[in-house]
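Residue-level structure breakdown
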Amino acid sequence: MSKLPKELVDLLKDRESVKVLATLNQDGSPHTVIKGSLTTLDGEAIALSEGLDTYQSNKNLVRSIWFDKSVSINITKGPVSYQIKGKPYKCLITGEIFKQFLLKAREKKGPDADIAAVWIITPEEVRNESPAIRRKEEEEKRPYFNRHLDRESLINRELSSAR
């Protein structure tokens, strides 16, 4: 496993970031949920808690680990957005990490809060999907693709290069 970019680690640890988990249902359709518990413990793997065994996302994570299926995660705050594709590799129902997540749930939701499991996901692909980054990459590769050719910056560029 390789280290996650520092900017992404910071987003994962930021309570104000929007954290989305997408899994596959049994019929192959996507199931997407907001998961505020998404974080990283070591800067390499992704961890999240599930409140109930019967949550659809938990069922889908079980299916993913059994049948080697991928999940997708998006972490966004303001103009910064990361897409992570990975595979669940461990489900914890006891132990120190589980206890950590349980105590966080109780801090947030009260002393009777409970969790069913903590999932550890191995990232296989991490991509900065921030619009400014994606636009810059796209403009460098294909300056005229998906563009209105009457934009002033393109006209000025063409005029400058014609001189």
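Attention in this report is confined to the structure presented alongside it. (Residues numbered from 1 in each chain as written. Predicted model: local features only at pLDDT ≥ 70, side-chain atom pairs only at ≥ 80, totals over all residues. Heavy atoms only, no water.)

1. A word on helix 3 (residues 96-109)
Inclusion rule: Helix and strand definitions follow DSSP, with helices as H or I runs of at least four residues and strands as E runs of at least two, each counted in order from the N terminus. Expected helix span is taken as 1.5 Å per residue step, with the number of steps being one fewer than the number of residues. Any two residues whose heavy atoms approach within 4.5 Å at even a single point are treated as in contact.
In this model helix 3 runs 20 Å from its N-terminal to its C-terminal C-alpha over 14 residues, within 8% of the 20 Å that 1.5 Å per residue would give. Buried residues along helix 3 sit in contact with strand 3 (46-50), strand 5 (80-92) and strand 6 (117-128). Taken from the residues just after helix 3, G110 is the one with a positive phi, measuring 110 degrees.

2. Let's talk about the packing of aromatic side chains
For any pair of aromatic rings, the description rests on two quantities: the centre-to-centre distance and the angle between the ring planes. Threshold: When two rings of Phe, Tyr or Trp (its six-membered ring) have centres within 6.5 Å they constitute a pair, described as stacked for plane angles under 30 degrees, edge-to-face for angles over 60, and tilted for the intermediate range. Burial classes: relative accessible area under 20% of the type maximum marks a residue as buried, over 50% as exposed, and values in between as partly exposed (1.4 Å probe, protein chains only). Think of it as a cone above the ring: NZ of Lys or CZ of Arg counts as a charge over the ring if it is within 6 Å of the ring centre and within 35 degrees of the ring normal.
Following the criterion strictly, the structure yields 1 aromatic pair and no others. A ring pair is formed by W66 and F67, whose centres lie 6.4 Å apart and whose planes are at 85 degrees; its orientation type is edge-to-face. No difference in accessibility class separates W66 from F67, as the two residues are exposed. The ring of F101 carries the charged tip of K104 above its face, separated from the ring centre by 5.8 Å.

3. Remarks on the nonpolar core
As a rule of thumb, nonpolar side chains are buried together in soluble globular proteins. Heads up, the condition is: Among buried residues, the Ala, Val, Leu, Ile, Met, Phe, Trp, Tyr and Cys ones that are joined through side-chain atoms within 4.5 Å form a nonpolar core.
Formed by 19 residues in total, the largest nonpolar core has its most connected members in I46, I73, I75 and I121. When contributions to this core are tallied by element, the ones reaching two or more residues are helix 1 (6-13), strand 3, strand 4 (71-77), strand 5 and strand 6. Per-element accounting of this core gives the leading share, 4 residues, to helix 1. Apart from residues no more than four positions distant in its own chain, I75 is found in contact with L8, L11, L12, S17, V18, K19, L38, V80, S81, Y82 and I84.

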